[in-house]
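# Structural overview for review
What follows is each chain in one-letter form.
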Amino acid sequence: MCGIIGYCGPRPAAEILVEGLKRLEYRGYDSAGICVRSGGALRVHKRKGKIKDLRAALPDRVDGELGIGHTRWATHGEVNDVNAHPHTDATGRIAIVHNGIIENYAALREKLAEEGYRFVSETDSEVIAHLLASLYDGDLERAVKQAVSLLKGTYGIVAMHADEPDRLVGARNGSPLVLGIGDEEMFLASDVTAIVAHTKQVVYLEDGEVVSITSADYHTTDLRDRPVDKKIEFISWELEEIEKEGYAHFMEKEILEQPESIRRAIQGRLDMEYATGHLGGLNMSRQELLNVERVKIIAAGTSFYAGLVGAYLLESVARIPATAELASELRYRNPVVERNTVYFAVSQSGETADTLYAMRELQRKGARVLGICNVVGSTIPRESDGGVYIHSGPEIAVASTKAFTSQLTAFYLFALMMARMRHMGIESGLSFIHDLEGVPALVSEVLSRRDALVPLARTYAGAGNFLFLGRGINYPVALEGALKLKEISYIHAEGYSAAEIKHGPIALINETTPSLFLVTDDGLRDKVISNMKEVKARAGKVIAIAVDGDDEVDRIADDTFFIPKTHELMYPFLMVVPLQLFAYYSAIELGRNVDQPRNLAKSVTVE
Ligand code: AGP
């Protein structure tokens, strides 16, 4: 989604802004722009398209040490140069960038238009620039506070005024904003990736807070002008982690990082003496954990599928009733919060609006919500009652891969911990740990076989539709495989329980709709094989991901990719990797933009 960067310091702002926007590209966007104060005036350069288009349109030299920049992901108004940010007021003395949605923009626009303010774009954001112009009396910070008090909706805003050469003002409500503290320079950004090259000291703004920066200083207040003391935090990410380091795409890099990222998610979280998991950040006493009678998981997209695996695991391993639900649905159905229930909000970015608002709704009703998140300092972990950081490192590709396997790891550790506090004996605990610790090496083994997936992707890249079919704990993995394929290759793909195809989807089967089956060596194997035969009997092509040595599956399938044998509960880790790679190679075969697929955003901060 949209990205923001602001700079205030002694260096030429334009290059810092453009470079920061480049680092925000991964969030997904359709236009970009910057505004730099130069010679006492504000100069705006903005373009539909990519950062390289913006860069190409910039004059050879852009002077000025104060500026703001933005990548836009259109919500209100088509994708064109005029609707791109920054937006200015009619005099061109005030400029703003905005992430989020202003819900009452139509009413504000009408009122301002009646007062003579002339609008040029179709965006909701432009209203903020005119509102500031109507309120400005020589103090930008005061005007921002007055303006945002009139806004309904979500915003992360940064504003500048031509008459204030060393000041930017930022405000936040529902859309992240972070302050970066440099050496005689300050930054504002929607996401630390934009500024990590310059500073590792950051301050995260909360909703209702305003920050005013100069190159040498900053202060934070609430909307009623009361000072707010903020903690300075340190970003642990290294710059290299957000660079491709020789890989063709971030997605490839992130898929290949999984043995290491899973290992990191496990690291320091196993207690071998008591054969259990140890998750320090849950903020729950032993008694509170013992009292848990039910687990409910909320999330969106890939994180939701990780939650489905987690729910399956918690029931089967820890014998705790568990369900996963789409956060977007839970929020609006007035959920009943039961006693002794623990909720998990799962989110790679920690900023997904659907998940965040569902979490707040649950908390309002008294629920305890724990986060399972990747981005340290993001909103969900900050507002949750405790939780687990998965430590995957930055995930830049829009299609989530390594975060999924690390989210699974968090659930495996939690399930182990809960099981050991209940019925699970020490021997079974040790055996579970042994299997879990074996996962990274097995994922490496799967990755070492990846070349076999290239011709497979080539063979099937022409398919218009795909079915992904799995059972039991691998059913959510089939859903995830289908999501990956449609996200980055644009091939229509649906995931189902293999058992469900006879209830409808089998009608789609013909020689042009392939089915990809996940076949493990568990109690459901023979049933899945029957489903494969049903597809074959209708001239459907069958691809199987099967366990080493399963010759029967290989005989039935048109194509088989083998994964190593493991404990049946560990297969989701091994099954999902070939599906990620299959989607990746298919997308490459079709010439798609792998890391930034059309219409998608990495961090979905609007509803
Ligand atoms: C994953 O490939 C998707 N891009 C998307 O479904 C994503 O998982 C979803 O938007 C949730 O994001 P989150 O984990 O950051 O909350």
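Residues numbered from 1 in each chain as written. Predicted model: local features only at pLDDT ≥ 70, side-chain atom pairs only at ≥ 80, totals over all residues. Heavy atoms only, no water.

### Concerning the site of the ligand
Selection criterion: Neighbouring residues are identified by heavy atoms, a residue being near a molecule or strand if any of them is within 4 Å of it. What qualifies as a polar contact is a pair of N or O atoms within 3.5 Å, subject to a donor-acceptor requirement within protein and to the restriction that residues adjacent in sequence count only when both atoms come from side chains. Secondary structure elements follow DSSP: runs of H or I no shorter than four residues count as helices, runs of E no shorter than two count as strands, and numbering proceeds from the N terminus. Gly falls in the polar group here, along with every residue not listed as nonpolar (Ala, Val, Leu, Ile, Met, Phe, Trp, Tyr, Cys, Pro) or charged (Asp, Glu, Lys, Arg). Note that the domain bounds were set by an automatic or database domain assignment.
Taken together, 15 residues lie around the ligand, and Ser 303, Ser 347, Ser 349, Thr 352 and Glu 487 are the ones closest in. Taking Ser 349, its side chain carries an N or O atom lying 2.7 Å from an oxygen atom of the ligand. Taking Val 398, its main chain carries an N or O atom lying 3.0 Å from a nitrogen atom of the ligand. Those elements that place two or more of their residues in the shell around the ligand are α9 (301-318) and α16 (475-489). Of the residues assigned to the shell around the ligand, the class counts are five nonpolar, eight polar and two charged. Counting contributing residues, the shell around the ligand receives three or more from each of domain 2 (244-437) and domain 3 (445-607).

### A short note on the packing of α9 against α16
Our working rule: Geometry is summarised by axes, namely lines fitted to C-alpha atoms with helices restricted to the contacting stretch, and by angles between N-to-C directions that run from 0 to 180 degrees. An angle below 35 degrees is read as roughly parallel, one above 145 as roughly antiparallel, one from 65 to 115 as roughly perpendicular, and any other as oblique. By convention the crossing between two helices is left-handed if the near helix lies anticlockwise of the far one by an angle smaller than a right angle, and right-handed if it lies clockwise. Here, two residues are considered to be in contact whenever any of their heavy atoms come within 4.5 Å of each other.
At a minimum axis distance of 8 Å, the contact between α9 and α16 shows a crossing angle of 165°. Looking at the two axes, α9 sits roughly antiparallel to α16. For the pair α9 and α16, the sense of crossing is left-handed. Along its contact with α9, which presents Gly 301, Thr 302, Tyr 305, Leu 308 and Val 309, the element α16 presents Pro 476, Val 477, Leu 479, Glu 480, Leu 483 and Lys 484. When its residues are assigned to classes, the contact of α9 with α16 shows seven nonpolar, two polar and two charged.

### Remarks on the environment of Gly 540
In this fold, Gly 540 is placed in the loop between α17 (525-536) and β25 (542-547). Placed 346 residues apart in sequence, Gly 540 and Ala 194 show a C-alpha to C-alpha distance of 47 Å. With residues up to four places along the chain from it excluded, the contact list for Gly 540 reads Ile 509, Asn 510, Val 535 and Asp 558.

### Describing the domain arrangement of the protein chain
Note the cut-off: Summed over both partners, the accessible area lost on bringing two parts together, with a 1.4 Å probe, is the buried area. Any carboxyl oxygen of Asp or Glu that lies within 4 Å of a side-chain nitrogen of Lys or Arg is treated as forming a salt bridge with it.
Each assigned domain of the protein chain is listed with its residue range as follows: domain 1 (2-235), domain 2 (244-437) and domain 3 (445-607). Taking only C-alpha atoms, the centre of domain 1 and the centre of domain 3 are 43 Å apart. On the domain 3 side, the residues contacting the 11 residues of domain 1 number eight residues. The junction of domain 1 with domain 3 conceals about 860 Å² of combined surface from both sides, 54% of it contributed by carbon and sulfur atoms. Of all residues in domain 1, Tyr 26, Arg 27 and Trp 73 bury the most surface against domain 3, accounting for 52% of the area lost on that side. Where domain 1 touches domain 3, the interface holds zero salt bridges. Summed over the shared surface of domain 1 and domain 3, the result is three residue pairs in polar contact (both at pLDDT 80 or more). Residue composition of the side of domain 1 that touches domain 3, by class: five nonpolar, three polar and three charged.

### Let's talk about the packing of aromatic side chains
Going by this rule: When two rings of Phe, Tyr or Trp (its six-membered ring) have centres within 6.5 Å they constitute a pair, described as stacked for plane angles under 30 degrees, edge-to-face for angles over 60, and tilted for the intermediate range. Throughout, exposure labels follow a simple rule: accessible area from a 1.4 Å probe, protein chains only, divided by the maximum for the residue type, with under 20% read as buried, over 50% as exposed, and the rest as partly exposed.
Considering all chains together, one arrives at 10 aromatic pairs under this definition. Ring centres of Phe 466 and Phe 582 lie 5.6 Å apart, and the angle between their planes is 65°; on these two criteria the pair is classed as edge-to-face. Placement of Phe 466 in strand β22 (residues 465-470) and of Phe 582 in helix α19 (residues 571-589) is noted, with a sequence separation of 116 residues between them. You can call Phe 466 buried: its relative accessible area is 1%. Phe 582 gets classed as buried once you look at its relative accessible area, which sits at 2%.

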